[in-house]
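# An overview of the molecular structure
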Amino acid sequence: MDDTRGRITRDGIRIYEEADFAGMHAAGRLAAQILDDIAPMVQVGVATSVLDAAIEKMVNDAGAKSATIGYKGYKHASCISVNHVVCHGIPGEKKLKDGDILNIDVTVIVDGWFGDTSRMYVAGKLGRKTERLIQITHDALFEGINAVKPGNTFGDIGAAIQKFVEAQRMSVVRDFCGHGLGRVFHSPPNVLHYGRPGTGAVLEEGMFFTIEPMVNLGRPETKVLADDWTAVTRDKSLSAQFEHSIGVTENGCEIFTLSPGGKYHPTWG
Ligand code: MF3
Ligand code: CO
Ligand code: CO
């Protein structure tokens, strides 16, 4: 892959240069705009394949490329994970029902830079329990983001997320993690959403990675279905996820995938 910029740390993490932030902002902005624009289409009776087709068209109309089509044999422009699906849900013909909650995860490539982000949506009426799950998951992502600054460690990020989620008597999924990205989709490090403060690689200015916690109402264990993609909670409890792509700056970080329309609440579509 075309990734020869900057330098690599002892932990194998690429350090990008200041000029590279602009490329990540462009890619991240498009991915986030697509998540804004799909919101009004999330309705009871709509099949998730219809949402995916609309997303694929938005990517193409923007002159960008989908990072997921053709990735390890995956065929779609998004992952759409409904209710107890934790992540990597495959868009299909099943129609959304009243009260279904869903994560839509989109990764685009703009001028060779990857923008990867996901959010929660609801079809129809949002239940009280599910609203709380979604709010806690969103806030957990920001607990992680707030721990990002040079000198802190990746363990600090995971610990902040885990502590916050478990204080709400919800659980953090261990089987999937965030990842470095830039001019490749997935690169070191593995960004764990649990852990101990002060452990793991030290954060440095110029690192680009995702934070994408998955939170379950029940137990944290997952299993992957026979399609080799769909990950579900073993206890069938509901699961939620939010994801941002970020870059470490001198004093903290920049979020590449902020919603242009400020659409984070699932009923703001
Ligand atoms: N966007 C997902 C992530 O956050 C990866 C999806 S890979 C796919 O890392 F092949 F399932 F699309
Ligand atoms: Co990701
Ligand atoms: Co993603």
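Notes on the structure follow. The structure presented is a predicted model; accordingly, all values stated were derived computationally and were not measured. (Residues numbered from 1 in each chain as written. Chains lettered and ligands numbered in written order. Predicted model: local features only at pLDDT ≥ 70, side-chain atom pairs only at ≥ 80, totals over all residues. Heavy atoms only, no water.)

Before going further, it helps to examine the sheet that holds strand β8 (residues 171–172). Taken together, three strands build an open sheet; the order of strands is β8-β12-β15 and the sheet is antiparallel. Sheet topology places β8 and β15 (239–241) at the edges, where each strand pairs with a single neighbour. Bridge analysis of strand β12 (residues 214–216) against β15 gives three bridges, and the strand direction is antiparallel. Residue pairing across strands places M214 opposite Q241, the latter belonging to β15. Contacts from helix α3 (residues 128–146) reach β12 and β15, with the element oriented near 35° to β15. (Pairing = 2+ DSSP bridges. Helix = DSSP H or I, 4+ residues; strand = E, 2+ residues; numbered from the N terminus. Contact = heavy atoms within 4.5 Å. Axes fitted to C-alpha atoms, helices over the stretch in contact; angles between N-to-C directions.)

Under the 1.5 Å per step criterion, the end-to-end length of α3 is 27 Å for 19 residues, consistent within 8% with the ideal 27 Å. Within the span of α3, buried status applies to T130, L133, I134, I136, T137, H138, A140, L141, G144 and I145. (Expected span 1.5 Å × (residues − 1). Buried < 20%, exposed > 50% of the residue type's maximum accessible area, 1.4 Å probe, protein only.)

This next bit is on the site of ligand 1. Close to ligand 1 lie 14 residues, the nearest being T68, H179, H186, E212 and E243. Within the contact set of ligand 1, an oxygen atom lies 3.0 Å away from a side-chain nitrogen or oxygen of H179. The protein chains hide 97% of the 340 Å² of surface that ligand 1 would expose on its own. At a threshold of 2 Å from the grid points, most atoms of ligand 1 map onto the largest pocket. For the shell around ligand 1, the per-class residue count stands at five nonpolar, five polar and four charged. (Near = heavy atom within 4 Å. Polar contact = N/O pair within 3.5 Å; in protein donor to acceptor, adjacent residues only side chain to side chain. Areas by Shrake-Rupley, 256 points an atom, 1.4 Å probe, with all protein chains shown as cover. 1 Å grid on protein atoms, 1.4 Å probe; cavity = no way out; pocket = protein on both sides within 12 Å on 5 of 7 lines; lining within 4 Å. Sits in = over half its atoms within 2 Å of the grid points. Nonpolar A, V, L, I, M, F, W, Y, C, P; charged D, E, K, R; others polar.)

Once that is clear, we can look at the pattern of salt bridges. One pass over the full model with this rule turns up seven salt bridges. Between D20 and R5 there is a salt bridge; the shortest N-O distance is 3.2 Å. Placement of D20 in helix α1 (residues 20–38) and of R5 in the segment before β1 (7–8) is noted, with a sequence separation of 15 residues between them. What makes D20 buried here is its relative accessible area of 5%. Of the charged contacts in the structure, one is a salt bridge between R219 and E221, with a shortest N-O distance of 2.9 Å. Relative accessible area serves as the criterion here: at 51%, R219 is assigned to the exposed category. The class of E221 is partly exposed, set by a relative accessible area of 31%. (Salt bridge = Lys/Arg side-chain N within 4 Å of Asp/Glu carboxyl O.)

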